[in-house]
Amino acid sequence: GELYKVGAIIGVAATTELAGAPVVLKLDGVFGLTKISAQAWAIGEPIYMNTSSRALTNVSAAGLVLVGAATEVAANPSTTGACRLNGVSAPAAVA
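Cut-offs used in this document
Residues numbered from 1 in each chain as written. Predicted model: local features only at pLDDT ≥ 70, side-chain atom pairs only at ≥ 80, totals over all residues. Heavy atoms only, no water. pLDDT = per-residue confidence, 0-100. Helix = DSSP H or I, 4+ residues; strand = E, 2+ residues; numbered from the N terminus. Core = buried A, V, L, I, M, F, W, Y, C linked by side-chain atoms within 4.5 Å. Buried < 20%, exposed > 50% of the residue type's maximum accessible area, 1.4 Å probe, protein only. Lys, Arg positive; Asp, Glu negative; His and termini not counted. Salt bridge = Lys/Arg side-chain N within 4 Å of Asp/Glu carboxyl O. Polar contact = N/O pair within 3.5 Å; in protein donor to acceptor, adjacent residues only side chain to side chain. Contact = heavy atoms within 4.5 Å.

**Q** Any details on the confidence of the model for the protein chain? Residues and values, ideally.
**A** Within the protein chain, residue pLDDT values average 93, and 99% of them lie at 70 or more. Across the protein chain, the secondary-structure element scoring lowest on mean pLDDT is strand β1 (residues 3-6), at 91, and the one scoring highest is strand β6 (residues 56-57), at 97.

Rendered as structure tokens:
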């Protein structure tokens, strides 16, 4: 399923529904999710979501939200990465 942010809740759709229809979200667990291809991930790295594109990144930046942590190494390039969701989002810390 796709990754969604609803308020502070982060989850993966349990089913495919029509646009605008209610959907059940899985709030925790490990999921293979779309990542920025030109990044390598290490196990345990914080993972952030761009709420516009739903792409995941391991680089903290303004406008992104923390959604979980990488649970497997993801190569550069690769289109998906394994992420353990926190179930809730938090603003990304920006140095």
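**Q** If you had to explain unusual backbone geometry to someone new, which residues and values would you point to?
**A** For the bond from N76 to P77, the omega torsion is 0°, close enough to zero to count as cis. By the element assignment, P77 lies in the loop between β7 (64-70) and β8 (80-91). Phi is positive for R54, which is not a glycine, with a value near 65°. Relative to the helices and strands, R54 resides in the loop between β5 (46-50) and β6.

**Q** Go over the nonpolar core with me, naming the residues and quoting the values.
**A** Of all hydrophobic cores here, the largest spans 15 residues; its most connected members are L3, L33, L56, V67 and L85. Broken down by secondary-structure element, the contributors of at least two residues to this core are β2 (9-13), β4 (29-34), β5, β7 and β8. Examining the composition of this core, we find that 3 residues originate from one element, β7, more than from any other.

**Q** Describe the side chain of K35, and please don't skip the residues or the numbers.
**A** Mapped onto the elements of the fold, K35 is located in the loop between β4 and β5. Look at K35: it is buried, it has no salt bridge, and the nearest opposite charge is E45 at 9.1 Å. Of the polar contacts made by the side chain of K35, one reaches the backbone oxygen of A75; its length is 3.5 Å. Apart from residues lying up to four places away in sequence, K35 is in contact with W41, L56, A74, A75, S78, T79, T80 and G81.

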